[in-house]
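This is what each chain is made of:
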Amino acid sequence: DGKFIATDLLGATYNAVPSQIWAAEFWFNAAASSAQYISESQNPGGDNDPSMIYGFESDGGVPKLEFYRGNGRAGGPLATGQWHYVVVAFYGNNSGHFDNLREIYFNGALAVSDTTTSFSTAHALGAFSIGAPVSGTGNRFTGRVDEYAIYDLGSYADLSARQQFVSGLAQHHQLAIP
């Protein structure tokens, strides 16, 4: 129920993941189905660039985990009270920035492959929080978050190589102790 916050993760030179194509992985166990932030990234003057949110929407009564930026969202239902492993990848957007694709893996399986939204984020690194929004006190996460990591995918030669790396990350869910 605490909050981790870091500012300027890569130094004054960068306000975002340098290549602007990236992946994030984390474990989470939500204790409540209410609207809450797992993480939020901000650049100066902006917010939700991007955020991982839970419980703002539901599917069949089950809260959804969503990869969120402005009006762009992608995600799926994940039950409360259970550990879930999530990998989110941003390969680019439909304005010609790299490859027009966003993917989300839940517990090792591809759950979302989205090429239709106008979602775009370079993953801000100006301020980053886990467990609550960067600013304010509302929508704090109730539960646990573990092993949060962000990867720059810019060193991979093409989309296929980036997807292979991300798919490999998604298999980390098998490393958990039962």
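Throughout what follows, the structure given in this document is the object of discussion. These numbers were taken from a predicted model, which means no experiment stands behind them.

## Description of the side chain of Gln-36
Moving on, step 1. Within the secondary structure, Gln-36 is located in strand β3 (residues 36-42).
Moving on, step 2. Classification of Gln-36 by relative accessible area gives buried; the value is 0%.
Moving on, step 3. Reaching out from Gln-36, the side chain makes a polar contact with the backbone oxygen of Ala-32 at a distance of 2.8 Å.
Moving on, step 4. Separated by 3.0 Å, the side chain of Gln-36 and the backbone oxygen of Ser-34 make a polar contact.

## Structural notes on the environment of Ala-79
Moving on, step 1. In this structure, Ala-79 sits in the loop between β6 (72-77) and β7 (84-92).
Moving on, step 2. The spacing of Ala-79 and Ala-30 is 49 residues in sequence and 8.0 Å in space, taken between C-alpha atoms.
Moving on, step 3. Discounting chain neighbours no more than four positions away, the residues touching Ala-79 are Tyr-54, Val-62 and His-84.

## A few points about the sheet that holds strand β9 (residues 109-114)
Moving on, step 1. Strand order across the open sheet formed by 5 strands is β9-β8-β7-β2-β11, with antiparallel pairing between neighbours. Because the sheet does not close on itself, it has two edges, and the strands there are β9 and β11 (143-152). Direction aside, the axes of adjacent strands within the sheet are offset by 15° on average.
Moving on, step 2. Taken together, the 8 bridges between strand β2 (residues 22-30) and β11 define a ladder with antiparallel strand orientation. Looking at the pairing, Trp-27 lines up with Asp-146 of β11.
Moving on, step 3. Against the sheet, helix α1 (residues 159-170) engages β2, β7, β8 (98-106) and β11, with an angle of about 170° to β7.

The rules behind each value
- Just so you know, the residues in each chain are numbered from 1, in the order the chain's sequence is written.
- With the structure being a predicted model, the display of local features is reserved for residues of pLDDT at least 70 and the display and counting of side-chain atom pairs for 80 or more, all residues being used for whole-chain, interface and lining totals.
- Side-chain metrics in this entry use all non-hydrogen atoms of the structure; hydrogen atoms and water are not considered.
- Helix and strand assignments follow DSSP, with helices taken as H or I runs no shorter than four residues and strands as E runs no shorter than two, numbered in order from the N terminus.
- Buried means the residue's accessible area, taken with a 1.4 Å probe over protein chains only, is under 20% of the maximum for its type, while exposed means over 50%, and partly exposed covers the values in between.
- Distance and chemistry together define a polar contact, namely a pair of N or O atoms within 3.5 Å, with one atom able to donate a hydrogen and the other to accept it when in protein, and with adjacent residues in sequence counting only for side-chain atoms on both sides.
- Whether two residues are in contact is decided by their heavy atoms, any of which lying within 4.5 Å being enough.
- DSSP bridges decide pairing: two strands pair if at least two such bridges lie between them.
- Axis angles are defined between N-to-C directions and span 0 to 180 degrees, where every axis is a line fitted to C-alpha atoms and, for a helix, only to the segment in contact.

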